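Structural overview for review
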Amino acid sequence: MAHIELRNVSKSFGANTALKGLNLTVEDGQFFVLLGETGAGKTTTLRVVAGLEKPTEGTVLIDGVDVGSWGAAERDVALVLQQYSLYPRYTVRENLEFPLKSKIRRVEPAEIKERVDRVARTLRIEHLMDRKTDRLSGGEMQRVSIGRAIVRKPRVFLMDEPLSALDAKLREALRTELKNLQMNLGATFLFVTHDQVEAMSMGDRIGVLDRGRLVQVGTPSEIYARPKNTFVARAVGSPPMNLIHGAVRDGNAVAEAGFSLPIAAAASQDGRAVTFGVRPEDIRLDAEATAKGRVHDVENHGVEKIVTVAAGDALLRLTTPASHKLAIDDTIAFSWNPDKIILFDRGSGLNLAGA
Ligand SMILES: Nc1ncnc2c1ncn2[C@@H]1O[C@H](COP(=O)(O)OP(=O)(O)OP(=O)(O)O)[C@@H](O)[C@H]1O
């Protein structure tokens with residue numbers, strides 16, 4: 001397995017800059033998730049590491065060695081894509097054997113069989129081995145694609161949204177499987193996705209990419225609790241963090257939307273125009289509270305409800321137990337946990353606590 005490092009990597013396609021000064025380290029055995037919207041530069045990053053794209057600037061190191069002059073095959077990385085790249089007229093077994101049968105690798109037939117059987121057991125596709133791959137479901141095909149990557153024992157796994165073509169239920173199941181697999185193999189994964197749930201649930205570390213720049217790198221809980229700016233605050237959490245414009249006055253958050261609630265440790269920001277960030281789970285319905293609103297929308301999610309409250313011209317999301325009876329247009333009062341309020345600079349969007 002291997003350690004990956006990108007040092008000041010930039011990549012331009014003509015006038016279009018896909019990556020800007022990317023510095024990124026993936027430790028040996030780590031599951032690193034690069035999270036970004038469409039066009040953020042996720043695929044380009046993987047292609048640069050794989051050796052399919054040459055950076056315009058900067059260095060890629062694998063295990064401390066500059067691999068700039070190495071071709072894709074020499075780098076010994078496996079790329080798993082969203083679209084399954086299987087041979088449709090061949091069986092699952094033949095697809096799994098294929099990477100080991102190349103003349104360069106010279107793997108003995110007995111070892112090929114053993115490795116393919118082991119991978120089939122790990123991915124629970126033993127019963128599919130003699131089936132042609134065009135007769136498989138999407139989830140089965142993606143398992144075989146992952147199997148094809150594993151069987152080679154590459155130094156690094158690069159995964160480009162491998163689960164995004166699957167339906168929600170299967171995606172959830174494969175998420176857990178892939179994470180378990182990575183831990184069991186002790187493999188180094190660089191996994192890219194636009195799905196924050198995937199990032200939060202699988203990543204040891206997450207890097208948030210915004211238009212070719214890495215905005216923040218941290219553990220899922222660091223990114224969730226201390227987003228560096230409003231972009232990251234919006235990028236993780238479902239429903240997302242509430243962002244409310246206002247100002248700090250005498251230790252209170254005075255929202256432009258017309259309510260005022262206390263906040264902790266804000267004295268030095270007094271009078272400053274800020275954006276308050278508060279997670280839905282840190283706001284609660286509280287009959288005693290002075291902040292008032294109207295129920296705009298209620299979504300039932302089984303154990304809890306997500307309630308959208310209209311307070312002045314702001315819409316706030318909060319969560320409440322499903323047993324709580326609420327109807328659209330009910331007038332409610334709400335309070336929040338003063339210790340959980342994040343202050344962002346109004347202009348730059350930066351977290352004023354300097355996360
Ligand atoms: N071969 C290319 N030629 C020109 N522009 C390119 C090329 N490849 C990527 N780009 C541009 O670089 C930027 C980053 O693209 P990239 O595919 O890395 O984004 P992404 O985050 O993977 O997006 P998606 O989630 O849509 O796959 C985009 O603006 C894209 O149009």
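Nothing here was measured: the structure is a model prediction, and the numbers come from that model. (Residues numbered from 1 in each chain as written. Predicted model: local features only at pLDDT ≥ 70, side-chain atom pairs only at ≥ 80, totals over all residues.)

Another point: the confidence of the model for the chain. Taken over all residues, the pLDDT of the chain has a mean of 92, while the share at 70 or more is 99%. Two summary scores accompany this predicted model of the complex, namely pTM at 0.91 and ipTM at 0.96. (pLDDT = per-residue confidence, 0-100.)

Our focus in this paragraph is the sheet that holds strand β6 (residues 77-80). Taken in spatial order, the six strands line up as β6-β7-β8-β3-β9-β10 in an open sheet, and their pairing is mixed. Each edge of the sheet is formed by a strand with only one pairing partner; in this case those strands are β6 and β10 (213-218). With strand direction ignored, the average angle separating the axes of adjacent strands in the sheet is 20°. Looking at chain direction, strand β9 (residues 205-210) and β10 are connected through five bridges and run antiparallel. Looking at β10, one finds that Leu209 is bridged to Leu214. (Pairing = 2+ DSSP bridges. Helix = DSSP H or I, 4+ residues; strand = E, 2+ residues; numbered from the N terminus. Axes fitted to C-alpha atoms, helices over the stretch in contact; angles between N-to-C directions.)

Per the UniProt annotation, the sites labelled "domain: ABC transporter" (unreviewed entry) are residues 4-236. Secondary structure over residues 4-236 splits into 36% helix and 27% strand, and the C-alpha atoms at its two ends are 25 Å apart. (UniProt positions renumbered as here; feature names shortened; annotations may be inferred.)

Structurally, Thr308 is set in strand β17 (residues 304-311). C-alpha separation for the pair Thr308 and Asp130, spaced 178 residues apart in sequence, amounts to 52 Å. Contact partners of Thr308, with chain neighbours within four places excluded, come to His296, Asp297, Leu315 and Arg317. (Contact = placed C-beta atoms within 7 Å.)

Spatially, β13-β12-β11-β14-β20 is the arrangement adopted by the five strands of the open sheet, whose pairing is antiparallel. In this open sheet, the two edge strands, each paired with only one partner strand, are β13 (260-262) and β20 (342-345). When the angles between neighbouring strand axes are averaged without regard to direction, this sheet yields 40°. Where strand β12 (residues 252-255) lies against β13, three bridges are found, and the strand directions are antiparallel. The residue bridging Asn252 from the neighbouring strand is Pro262, located in β13.

Turning next to the domain arrangement of the chain. Structurally, the chain comprises domain 1 (4-229) and domain 2 (242-345). Inter-centroid distance (C-alpha atoms) of domain 1 to domain 2 is 40 Å. (Domains from an automatic or database assignment.)

A separate point is the site of the ligand. Close to the ligand lie Phe13, Asn16, Ala18, Gly36, Thr38, Gly39, Ala40, Gly41, Lys42, Thr43, Thr44 and His194, which account for all nearby residues. Every element with two or more residues in the shell around the ligand is listed here: β2 (16-26) and α1 (42-50). A breakdown of the residues in the shell around the ligand according to their chemical character gives three nonpolar, eight polar and one charged. (Near = placed C-beta within 6 Å. Nonpolar A, V, L, I, M, F, W, Y, C, P; charged D, E, K, R; others polar.)

Once that is clear, we can look at the environment of Ser238. Here Ser238 is to be found in the loop between α9 (230-235) and β11 (242-249). C-beta crowding within 10 Å serves as the criterion here: with 11 such atoms nearby, Ser238 is assigned to the exposed category. Sequence spacing of Ser238 and Val197 is 41 residues, and the spatial spacing of their C-alpha atoms is 7.9 Å. Once residues within four sequence positions are removed from consideration, Ser238 is found in contact with Gln196 and Val197. (Buried ≥ 20, exposed ≤ 12 C-beta atoms within 10 Å, placed from the backbone.)

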